[in-house]
Number of protein chains: 4
Amino acid sequence: MAWEVKPDRPIYSQLIELIKLRICSGEYPLGSKLPSVRDLAKEASVNPNTMQRALAGLEEEGLLITQRTAGRFVTEDVSMIKKVKNELAVDHVKNFLEKMIDLGFNYEEIKTLLADMTKEMIK
Amino acid sequence: MAWEVKPDRPIYSQLIELIKLRICSGEYPLGSKLPSVRDLAKEASVNPNTMQRALAGLEEEGLLITQRTAGRFVTEDVSMIKKVKNELAVDHVKNFLEKMIDLGFNYEEIKTLLADMTKEMIK
Amino acid sequence: MAWEVKPDRPIYSQLIELIKLRICSGEYPLGSKLPSVRDLAKEASVNPNTMQRALAGLEEEGLLITQRTAGRFVTEDVSMIKKVKNELAVDHVKNFLEKMIDLGFNYEEIKTLLADMTKEMIK
Amino acid sequence: MAWEVKPDRPIYSQLIELIKLRICSGEYPLGSKLPSVRDLAKEASVNPNTMQRALAGLEEEGLLITQRTAGRFVTEDVSMIKKVKNELAVDHVKNFLEKMIDLGFNYEEIKTLLADMTKEMIK
DNA sequence: GTGGTCTAGACCACC
DNA sequence: GTGGTCTAGACCACA
C-alpha cells in the first residue's frame with residue numbers, strides 16, 4: 001500500500017488514517033513491532049516530527065503501545081482493533097450511501113449494482 | 001446542495017462533477033434552463049471563466065445544449081442522463097468496494113453492514 | 001503567578017499544569033479569551049510551538065475552546081473546571097499525606113499541625 | 001524507601017533530605033550506626049564524595065555524630081530529632097497549604113478533603 | 001540504536 | 001492579527 005498524502009488536509013491526520021488502515025488490514029499484525037519513527041518518516045517522505053505526531057495520536061487512541069527504548073508495537077487487544085475497523089467501515093458506508101442517495105438511487109438499486117460489481121471485481 | 005470546491009484538484013473539473021450530480025439527481029430537471037454563467041459563478045464563488053469552462057465541458061459531453069440567445073438547457077435525452085448517472089454510480093461503488101476490501105471485509109459482510117446502515121439512515 | 005518551568009520534566013506538560021492552575025484559580029476566568037499563543041509563549045519564555053502543544057492538550061481535555069480566527073477561550077462549563085480543580089486538589093492532598101506518613105505522623109497530629117499553621121498563614 | 005535523586009537540584013542537598021527523612025521516620029534509629037560512606041554511596045548510585053558531603057552537612061546540624069574509628073552514628077538527642085522532624089513537617093504543610101489556597105480552597109474545604117482522603121488511604 | 005522533546009523559522013487559511 | 005501545520009536540526013535518556 002502506498003503512502004499517498006494530499007496537500008488539502010493535515011498530513012499527520014492522513015498518516016493516522018493510513019496507519020490505522022494498515023493495522024486493520026493486518027499489514028502491521030497484532031503485537032508486531034513497527035518500523036522506527038525515522039524509517040517510517042523516510043518511507044512516507046515526511047518529516048520525522050510529523051510521523052511522530054501521527055504515531056502519538058495512534059498511541060493515545062490505544063492502537064499502539066510504546067516501549068521507550070525498544071520501539072512501538074501494535075496493540076494485542078483484538079477488540080480495540082475490531083472497534084477501529086468497524087468505525088472506518090461505518091464511515092465508508094455512510095459516505096457511500098450519501099453519495100448514492102444524492103444521485104437518486106434507492107436501496108434496492110444500490111444492492112443490485114453492488115452485487116453486480118462485486119462479481120465483476122472478484123472475478 | 002452546496003458548492004464545495006477543494007483546492008487540490010482543478011476547480012473546473014470539480015464544477016463539472018457538481019453540476020452533473022445536480023442534473024442526475026433532478027435538481028436541474030431535463031429540458032430546464034440553467035441559471036446564467038454569471039449567476040452560477042456567483043453562487044459557486046468562482047470566476048465566471050472557470051464556470052464557463054465547466055459548462056463547455058458538459059456541453060461537449062452532451063449533457064447541456066446551448067441555444068445562442070436563450071441560454072443553456074439540460075438535455076432531454078433520458079438515456080444520456082441515465083448513462084452519466086450510471087457512470088457516477090459505478091465510480092462510487094468501485095471506490096467503496098476497494099476501501100472495504102482493503103479493510104478486510106468480504107462481500108457478505110459488506111452486504112450485511114450496508115443493509116443495517118440503510119435501515120438506520122432511512123429510519 | 002510566575003511561569004516557572006524546571007528542566008526535569010517536559011516543558012509542555014508543566015505549561016499544561018500552570019495554565020490549569022490559572023484557570024482553576026480564576027486568573028483566567030470562565031469564558032474569557034486567553035492571550036495569543038505567541039504572547040503566552042513570550043511571557044513564559046518558551047517556543048511558540050511548545051506553548052501551542054500545551055494549549056492543544058488543554059483543548060483536548062475540554063478546558064479550552066478554540067475559535068479559529070478569534071483566539072482561544074476558557075470553557076464555560078463549570079462542572080468541567082470543578083472536576084479538574086478537584087483532581088489537582090486530590091493530587092496535592094495525596095502527596096502531602098504520603099510525605100507526612102513517611103515522616104511518622106498520624107492523622108490527629110497532621111490535623112493539629114494543619115490547624116495551627118492555617119491560623120498563622122491566614123493571620 | 002528509594003534513593004531517588006533528580007538532576008534539577010544539587011545532589012548532596014537531596015541526599016541530606018533523604019537521610020533526614022530516614023532518621024525522622026525511624027529507619028535509621030536513634031543511636032544506631034550508619035552504613036559506611038562507600039556503602040551508602042553505592043546504594044544511592046552516587047559518588048562517595050557527594051555522599052560524604054551530605055553526611056558532613058548532617059553532622060554540622062547535629063543529627064549525626066562521628067566516632068573517628070567506629071563510624072557515624074545517629075544522635076541520641078530526641079529533642080534534636082523532634083526539631084528536625086517538625087521542620088520538615090512544617091515545610092510540607094506550608095507547601096501544601098499554599099498550593100491549596102492557590103487553587104482557591106479555604107480551610108474548611110481543605111479539612112474536609114483531608115479527612116475524606118485519610119480514611120480512604122488508611123482503609 | 002530507540003523514542004521524546006525543544007527550538008527556530010516558515011507558510012497557510014481565515015477574517 | 002489569529003490558530004494550525006510542517007520542516008530541519010538539535011539534544012536528551014535509556015539500554
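Here, every reference points to the structure presented above.
An account of the accompanying structure is given in this report. Values in this document were obtained by computation on a predicted structure and should not be read as measured data.

Residues in close proximity to DNA strand E total 18 residues, the closest being Arg72 of chain A together with Ile11, Asn47, Asn49 and Thr50 of chain C. Taken together, the sugar and phosphate atoms account for 71% of what DNA strand E places within 4 Å of the protein. A distance of 3.1 Å is found between a base nitrogen of DNA strand E and a side-chain nitrogen or oxygen belonging to arginine 38 of chain A. The contact in question runs from a phosphate oxygen of DNA strand E to an N or O atom on the side chain of glutamine 52 of chain A, over 3.0 Å. Broken down by secondary-structure element, the contributors of at least two residues to the surface near DNA strand E are helix H2 (37-44), helix H3 (48-61) and strand E2 (71-74) of chain A together with helix H1 (11-24) and helix H3 (48-61) of chain C. Looking at which element gives the most residues to the surface near DNA strand E, the answer is H3 of chain C, with three residues. Grouping the amino acids of the surface near DNA strand E by side-chain chemistry returns four nonpolar, ten polar and four charged.

This paragraph deals with the relation of the copies chain D and chain C. Between the two copies of the chain lies a relationship made up of a rotation around an axis and a movement along it. Once turned by 179 degrees and shifted 0.1 Å along the axis, chain D lies on chain C with an RMSD of 0.2 Å. Overall, the copies show the geometry of a two-fold rotation axis. The fraction of interface residues of chain D whose copies in chain C are also interface residues reaches 100%, indicating that both copies meet through the same surface.

This paragraph deals with the protein's contact with DNA strand F. Around DNA strand F lies a shell of 18 residues, among which Ile11, Asn47, Asn49 and Thr50 of chain A together with Arg72 of chain C are the nearest. In DNA strand F, atoms within 4 Å of the protein come 72% from sugar and phosphate. One of the side-chain nitrogen or oxygen atoms of asparagine 49 of chain C is found 3.3 Å away from a base nitrogen of DNA strand F. In the environment of DNA strand F, a phosphate oxygen lies 3.0 Å from a nitrogen or oxygen atom belonging to the side chain of glutamine 52 of chain C.

Aromatic ring pairs are reported here in terms of the distance separating the ring centres and the angle at which the planes meet. Scanning the entire structure with this criterion turns up two aromatic pairs over all chains. Seen in terms of ring centroids, phenylalanine 96 of chain A and phenylalanine 96 of chain B are 4.2 Å apart; in terms of plane orientation they differ by 0 degrees. Their pairing is stacked. Here phenylalanine 96 of chain B lies in helix H4 (residues 78-102) and phenylalanine 96 of chain A lies in helix H4 (residues 78-103), a pairing that spans two chains. Summarising the burial analysis for this pair, phenylalanine 96 of chain A and phenylalanine 96 of chain B share the class buried. Over the ring of tyrosine 12 of chain A we find arginine 53 of chain A, and its NZ or CZ is 3.8 Å from the ring centre.

Time to look at the pairing of strand E1 (residues 64-67) of chain A. Two faces, one strand: in a regular strand the side chains alternate between the faces of the sheet. All names here are of chain A. Note: E1 against E2, four bridges, orientation antiparallel. Note on E2: the bridge partner recorded for leucine 64 is valine 74. Counted between consecutive antiparallel strands, the loop separating E1 from E2 contains three residues.

Here we come to helix H1 (residues 11-24) of chain D. Its 14 residues give H1 of chain D an end-to-end C-alpha distance of 20 Å, which sits within 8% of 20 Å, the value for a rise of 1.5 Å per residue. Of all the 14 residues making up H1 of chain D, eleven are buried; the element is thus mostly covered by neighbouring parts of the structure. Buried within H1 of chain D are the following residues: Ser13, Gln14, Leu15, Ile16, Leu18, Ile19, Lys20, Leu21, Arg22, Ile23 and Cys24 of chain D. In this structure, the buried side of H1 of chain D is in contact with helix H4 (78-103) of chain C together with helix H3 (48-61), strand E1 (64-67), strand E2 (71-74) and helix H4 (78-103) of chain D.

Calculation rules
Residues numbered from 1 in each chain as written. Chains lettered and ligands numbered in written order. Predicted model: local features only at pLDDT ≥ 70, side-chain atom pairs only at ≥ 80, totals over all residues. Heavy atoms only, no water. Near = heavy atom within 4 Å. Polar contact = N/O pair within 3.5 Å; in protein donor to acceptor, adjacent residues only side chain to side chain. Helix = DSSP H or I, 4+ residues; strand = E, 2+ residues; numbered from the N terminus. Nonpolar A, V, L, I, M, F, W, Y, C, P; charged D, E, K, R; others polar. Least-squares fit on C-alpha atoms with pLDDT ≥ 70 in both. Contact = heavy atoms within 4.5 Å. Phe/Tyr/Trp six-rings, centres within 6.5 Å; stacked < 30°, edge-to-face > 60°. Buried < 20%, exposed > 50% of the residue type's maximum accessible area, 1.4 Å probe, protein only. Lys NZ or Arg CZ within 6 Å of the ring centre and 35° of its normal. Pairing = 2+ DSSP bridges. Expected span 1.5 Å × (residues − 1).

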